[in-house]
Amino acid sequence: MYENSSDSDLVRKLQHCTEGEKQEILLTLYERYKLLVLKICYHYLADYDQARDTFHDVFIKVIENAPKLQNPAVFKSWLLTIAKNQCVDRLRKTSLLKDQEPLTTRIEIIGEQRTEDRYVAQMDKEKILG
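Reading the values: rules and limits
- Residues numbered from 1 in each chain as written.
- Predicted model: local features only at pLDDT ≥ 70, side-chain atom pairs only at ≥ 80, totals over all residues.
- Heavy atoms only, no water.
- Buried < 20%, exposed > 50% of the residue type's maximum accessible area, 1.4 Å probe, protein only.
- Helix = DSSP H or I, 4+ residues; strand = E, 2+ residues; numbered from the N terminus.
- Arc of directions from axis to C-beta.
- Polar contact = N/O pair within 3.5 Å; in protein donor to acceptor, adjacent residues only side chain to side chain.
- Contact = heavy atoms within 4.5 Å.
- Expected span 1.5 Å × (residues − 1).
- Bend = angle between axes of the 7 residues up to and from the residue.

Description of helix 1 (residues 7-14)
Residues of helix 1 that are buried include every one of Asp7, Ser8, Leu10, Val11 and Leu14, and no others. Projected onto a plane normal to the axis of helix 1, the buried residues spread over an arc of 160° and lie on a single side.

Shown next, in the form of structure tokens:
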């Protein structure tokens, strides 16, 4: 329904719409930018699982804050800035945790990952990063 609308039109509609319309608009924006945001997250984090987690955090922020965006014309750059900031925050948190966490714990967690989980994650990664 909203596929042909511009980002700024969709964000403007978010400010004055019903809950059902809001869900459709947010889904349209999600579908439009999901691959780009995931690629950016993977570029910064170089770890597919962390990129996927951060990707979800980005869209939670978008869902919460898009209706409040004062200048809808800058939606894409706003979204990409959120993605970059979320990645930087995750890098800061994980680097702090790595310094405090014993190395043996990290090795044990990695060692417990099942072969099929690694295989599925690799397939997802190749599909998204193309």
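Structural notes on the side chain of Thr94
Relative to the elements of secondary structure, Thr94 occurs in helix 4 (residues 75-100). Accessibility expressed as a relative area gives 17% for Thr94, which makes it buried. At 3.2 Å, the side chain of Thr94 and the backbone oxygen of Leu91 are in polar contact.

Here we look at unusual backbone geometry
Its identity as a non-glycine residue notwithstanding, Ala46 has a phi of 55°, on the positive side. Here Ala46 lies in the loop between helix 2 (19-45) and helix 3 (48-65).

Concerning the side chain of Ser8
Among the secondary structure elements, Ser8 is positioned in helix 1. Not counting residues within four places of it along the chain, the set of residues in contact with Ser8 comprises Pro72 and Ala73.

Re helix 2
In this model, helix 2 (27 residues) spans only 34 Å end to end at C-alpha, well below the 39 Å of a helix rising 1.5 Å per residue. In the structure, helix 2 departs most strongly from a straight axis at Tyr33, where the bend amounts to approximately 50°. Looking only at helix 2, the buried set comprises Ile25, Leu26, Thr28, Leu29, Tyr33, Val37, Leu38, Ile40, Cys41, Tyr42 and Leu45. Note on helix 2: the residue one or two positions beyond its end, Ala46, has a positive phi of about 55°.

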